Amino acid sequence: MSAESGGLTGLQGKLSQWLRGRRPKEADAGDEGGREALLLAAASAGLPLAPAAHPAPGYRCSCDRVGCPTPARHPVSFAWQTQSTTDRAQIERWARHQPQANFITATGMVHDVLDVPLEAGREALERLLASGIEVGPVAESDDGRLLFFTLTRGTPEDEDEWWPCELDCHPETADEHPGLRWHCRGSYVLVPPARLPGGQTVHWVRGLEHPLPDPLSLLEVLTDVCARHVGEEPDHANTAWPLRR
C-alpha cells in the first residue's frame, strides 16, 4: 500500500514539475513565420479563427476605445462569428496584412473551452493526467487562466437545452466569475500565440497534436478543484450543466 502510495506521490511530483517548468517550443508571438505556422496549425485542427486586437503602448488596446475592458483580448469585427474560418488562404492573408494582430477562435462550432483559474487548472491537470484521463490541448494565459480545449457539445436535439455562455463565461466577466467558465456557442477565446498588455502572452501547454476530448470527461475534476480554490462547495446541479428554459 505504501509503495503504491509512494509511486503515485512520485508521479504527481513529476507532473507538478512538468506543469510548472515545461513550455512547448512554440514560436514567439512576434516571430511572424512561427506565428503564422501556429495559426495555420490551429485552423488545420478545425479551430475557426478571426483577427483580434493587440496590445498598444501604455497597457492600452489597439482598438483605441477609452477604457477598453478587455485590451488585446477581443475580436476586431462585430461580425467575428460569421467571419471566423479555417480557410488557409484567408488566415494567411490576415496574418500577413495584420502582423501585430492576435487571433480569437470561435467556440461552439467545433470545440468548446473550459476556462479556469491558473492554479486550479494546474492542479486539475495533474489529477487528470495522473488518473489516465485523456486531456486535449491546453493553453495558458499569463494573466492567470488555463484553457482546456474540448469537443463542442454540438447542437442538441432539444434546442431549449444547452450550456449558454451567459452561465458565467463571457470573456469580459473574469473578475466577477473567478471559477469555471464554459466557452461554447456565442463565445470565443484567444488562440496561441497571442500577446497581452505588459509583455504577457497566451501560449500552449499541451499542443494541438492532442485530440479534443469530451468535455464531460474533464468537468467533474475541474468543478471540484475550482470550487475549492474559490472557497465553496461544488454544485454539480448548477455549475456548467445543461439548463432548461
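Small disclaimer: the values here were computed from a predicted structure and weren't measured. (Residues numbered from 1 in each chain as written. Predicted model: local features only at pLDDT ≥ 70, side-chain atom pairs only at ≥ 80, totals over all residues. Heavy atoms only, no water.)

*Asks:* Looking at this structure, I do not really get the overall build of the chain. What am I missing?
*Replies:* When its secondary structure is counted, the chain shows six helices and 13 strands. In the chain, buried positions account for 49% of the 245 residues. Counting only contacts in the chain whose residues sit at least 6 apart along the sequence, the fraction spanning at least 24 positions is 76%. Carbon and sulfur atoms make up 51% of the accessible area of the chain, which amounts to about 12,100 Å² in all. (Helix = DSSP H or I, 4+ residues; strand = E, 2+ residues; numbered from the N terminus. Buried < 20%, exposed > 50% of the residue type's maximum accessible area, 1.4 Å probe, protein only. Contact = heavy atoms within 4.5 Å. Areas by Shrake-Rupley, 256 points an atom, 1.4 Å probe, with all protein chains shown as cover.)

*Asks:* Explanation requested: the pattern of salt bridges in the structure shown.
*Replies:* Here the idea is simple: oppositely charged side chains can pair when their charged atoms come close. Counted by the stated rule, this structure contains eight salt bridges. Note that D143 is salt-bridged to R73, the shortest N-O span being 3.0 Å. Of this pair, D143 sits in the loop between β6 (138-141) and β7 (145-151) while R73 sits in the loop between β3 (60-61) and α3 (80-83), placing them 70 residues apart in sequence. By relative accessible area, which is 35% here, D143 ends up partly exposed. One network of salt bridges, in which partners are shared, links D115, R145 and R181. (Salt bridge = Lys/Arg side-chain N within 4 Å of Asp/Glu carboxyl O.)

*Asks:* So what exactly am I meant to see when it comes to the sheet that holds β7 here?
*Replies:* Backbone hydrogen bonds are what pair the strands of a sheet, in a parallel or an antiparallel way. Taking strand neighbours across the sheet as the criterion, the six strands line up as β9-β5-β7-β6-β12-β11 in an open arrangement whose pairing is antiparallel. With partners counted over all chains shown, the strands left at the sheet margins are β9 (181-183) and β11 (194-195), one partner each. The strands that helix α5 (residues 118-130) touches are β5 (111-117), β6, β7 and β12 (201-206); relative to β7, the one it contacts most, it runs at about 45°. The sheet contacts of helix α6 (residues 216-229) involve β5, β7 and β9, and relative to β5 the element is tilted by about 20°. (Pairing = 2+ DSSP bridges. Axes fitted to C-alpha atoms, helices over the stretch in contact; angles between N-to-C directions.)

*Asks:* I would appreciate a short explanation of the pairing of β12 in the present structure.
*Replies:* Here is the key point about a regular strand: its side chains alternate between the two faces of the sheet. Most of β12 sits inside the fold, with six of its six residues counted as buried. For β6 and β12, the ladder comprises four bridges, and the chain directions are antiparallel. Counted as the bridge partner of E140 is H203 from β12. The hairpin turn running from β11 into β12, its antiparallel successor, is five residues long, and G198 in that turn takes a positive phi close to 80°.

*Asks:* When you look at the sheet that holds strand β1 (residues 49-52) in this model, what are you seeing that I'm missing?
*Replies:* The antiparallel open sheet is built from three strands, whose spatial order is β1-β4-β10. At either end of the open sheet lies a strand with only one pairing partner, and these are β1 and β10 (188-190). Within this sheet the neighbouring strands show an average axis-to-axis angle of 35°, counted without direction. Across four bridges, the pairing between β1 and strand β4 (residues 102-106) is antiparallel. Residue pairing for β4: P51 is matched across the bridge by F103. Its contacts with the sheet put helix α4 (residues 88-97) on β1 and β4, and the angle it makes with β1 is roughly 15°.

*Asks:* Quick question: what am I supposed to make of the state of the cysteines here?
*Replies:* The term disulfide refers to a covalent linkage connecting the sulfur atoms of a pair of cysteines. For the coordinates displayed, the defined rule picks out zero disulfides. Residue C61 stays outside any disulfide, its sulfur separated by 3.5 Å from that of C63, the closest cysteine. (Disulfide = S-S within 2.5 Å.)

*Asks:* How should I be thinking about the pairing of β4 in this particular structure?
*Replies:* Along β4, five of the five residues are buried, which leaves the element largely enclosed by surrounding structure. Because side chains alternate across β4, one face comprises the buried residues N102, I104 and A106, and the other comprises F103 and T105, equally buried.

*Asks:* What is the right way to read unusual backbone geometry from this model?
*Replies:* Working note: non-glycine residues mostly have negative phi, and peptide bonds are mostly trans. Cis peptide bonds are those with omega within 30 degrees of zero, and the linkage from P192 to P193 qualifies with -5°. The residue Y59 is not glycine, and still its phi comes out positive at about 60°. Take Y59: it is sitting in the loop between β2 (55-56) and β3. For Y59, a relative accessible area of 62% gives the class exposed. A positive phi angle, close to 65°, is found at A72, a residue other than glycine. Among the structural elements, A72 can be located in the loop between β3 and α3. With a relative accessible area of 0%, A72 lands in the buried category.

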